[in-house]
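# Fold and geometry: a report
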Amino acid sequence: MAEKQSPDRTDHNITLDAADDRWEWRRRIRENPRKLLFYRIGVGVLGGLLIIAAPLTGWLPGPGGIPLFIAGLAVLASEFEWAQRLLYRVKDWVKALTAWTSKQPAWLKALGTLALFLCVLVAIWLYMAVLGVPGWLPDSWESLLYQLPLLP
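Criteria and thresholds
- Counting from 1, residues in each chain are numbered in the order their sequence is written.
- At least 70 in pLDDT is required for a residue's local features to be given in this predicted model, at least 80 for side-chain atom pairs to be given and counted, and no such filter applies to totals for whole chains, interfaces and linings, which use all residues.
- Note that the side-chain values use all heavy atoms of the structure and ignore hydrogens as well as water.
- Secondary structure counts use DSSP, requiring at least four H or I residues in a row for a helix and at least two E residues in a row for a strand, with both numbered from the N terminus.
- Contacts were defined at the residue level, with two residues in contact if any of their heavy atoms lie within 4.5 Å.
- Each accessible area is a Shrake-Rupley result for a 1.4 Å probe, and residues are judged covered by the shown protein chains and nothing else.
- A pair is scored as a salt bridge if a Lys or Arg side-chain nitrogen falls within 4 Å of a carboxyl oxygen belonging to Asp or Glu.
- For every residue, the accessible area obtained with a 1.4 Å probe (protein chains only) is divided by the maximum for its type, and the residue is called buried under 20%, exposed over 50%, and partly exposed between those limits.
- Only protein atoms enter the 1 Å grid used here, on which a cavity is any set of points holding a 1.4 Å probe that cannot leave and a pocket is any open set flanked by protein within 12 Å on both sides along at least five of seven lines; residues with an atom within 4 Å of a point are listed as lining.
- Grid points are joined across faces, edges and corners, and a volume is the space filled by probe spheres set on the points.
- Polarity classes work like this: nonpolar for Ala, Val, Leu, Ile, Met, Phe, Trp, Tyr, Cys and Pro, charged for Asp, Glu, Lys and Arg, and polar for all others, with Gly in that last group.
- The axes used here are C-alpha line fits, helices contributing only the stretch in contact, and every angle between their N-to-C directions lies in the interval 0 to 180 degrees.
- The scheme is simple: roughly parallel for angles under 35 degrees, roughly antiparallel for over 145, roughly perpendicular for 65 to 115, oblique for anything else.
- For a crossing to be left-handed, the near helix must be turned anticlockwise from the far one by less than a right angle; the clockwise case is right-handed.
- Classification of ring pairs rests on two measures: the distance between centres of Phe, Tyr or Trp rings, Trp counted by its six-membered ring, which must be within 6.5 Å, and the angle between planes, read as stacked under 30 degrees, edge-to-face over 60 and tilted in between.

### Some details on the overall build of the protein
A tally of regular secondary structure across the protein gives six helices and zero strands. From first element to last, N terminus to C terminus, the protein shows the α and β order α-α-α-α-α-α. When contacts within the protein are restricted to residue pairs at least 6 apart in sequence, those whose partners lie at least 24 apart make up 46%. Carbon and sulfur atoms make up 71% of the accessible area of the protein, which totals about 11300 Å².

Here is the structure:
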């Protein structure tokens, strides 16, 4: 059984080499320069939009911010080597952070979880202070939320 070779990541090209490509459909796109140009523009625009949307949605409840930034970077990394190198750095940073947090005592992990939970609650409260309580919430929740300070 032939061993699968990993792509060469040592060159500093702006785009991935055809030999670095894992998918046949993308290799076919690379055969036609016109299709390749439109494909690269599309990848760049989509990845750029996701990265631009990251800070715009980061303060909203739900996934946004960092996950959206990483998704945009992953889209760009599928075509551009500079983004691929940056994505590898981000992955290494996340692995190092995960290793560091796994070595911390349980009380510190619990304290960090509590701090994160409080940050999320404050973010939701600020969201409602600026935009108001959503009308789709049950009436019992709305009446309870209107008792909080700064909520209209």
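Once you've had a look at it, read on.
### Side note on the pattern of salt bridges
Considering all chains together, one arrives at two salt bridges under this definition. A salt bridge links Glu-79 to Arg-30; the shortest N-O distance between them is 3.3 Å. Placement of the pair is Glu-79 in the loop between α3 (66–77) and α4 (81–102) and Arg-30 in helix α1 (residues 24–31), with a sequence separation of 49 residues. Glu-79 gets classed as buried once you look at its relative accessible area, which sits at 0%. With a closest N to O distance of 2.7 Å, Arg-40 and Glu-79 form a salt bridge. Taken together, the residues Arg-40 in helix α2 (residues 33–57) and Glu-79 in the loop between α3 and α4 connect sequence positions 39 residues apart. Salt bridges sharing partners connect three or more residues here, namely Arg-30, Arg-40 and Glu-79.

### Some details on the layout of surface pockets
Considered as a void within the structure, the largest pocket measures approximately 250 Å³ in volume. In this structure, the largest pocket is lined by 13 residues; those nearest its centre are Ile-124, Met-128, Pro-134, Leu-137 and Leu-145. Elements represented by at least two residues in the lining of the largest pocket include exactly α5 (106–131) and α6 (139–145). Here the element with the most residues in the lining of the largest pocket is α5; it accounts for five residues. Here the lining of the largest pocket is built from residues that sort into 13 nonpolar, no polar and no charged.

### Describing the packing of α2 against α3
Packing of α2 against α3 leaves a shortest axis separation of 8 Å and a crossing angle of 170°. It follows from the interaxial angle that α2 and α3 lie roughly antiparallel. For the element pair α2 and α3, the recorded crossing hand is left-handed. Only Leu-68, Phe-69, Ala-71, Gly-72, Leu-73, Val-75 and Leu-76 of α3 make contact with α2, whose side of the interface consists of Val-43, Gly-44, Leu-46, Gly-47, Gly-48, Leu-50, Ile-51, Ala-53, Ala-54 and Thr-57. Of the residues contributing to the contact of α2 with α3, the split by class is 12 nonpolar, five polar and no charged.

### Topic: the packing of aromatic side chains
One pair of aromatic rings is described through two measures. These are the centre distance and the angle between the planes. A full pass over the atoms with the stated rule returns two aromatic pairs. Ring centres 6.0 Å apart and planes at 85° place the aromatic pair Trp-25 and Tyr-39 in the edge-to-face group. Of this pair, Trp-25 sits in helix α1 while Tyr-39 is found in helix α2, placing the two residues 14 residues apart along the sequence.

### Comments concerning the environment of Gly-44
When you line up the elements, Gly-44 lands in helix α2. A relative accessible area of 25% means that Gly-44 is categorised as partly exposed. Between the alpha carbons of Gly-44 and Leu-73 there is a distance of 9.9 Å; along the sequence they are 29 residues apart. With residues near it in sequence (within four places) discarded, Gly-44 still touches Leu-76 and Phe-80.

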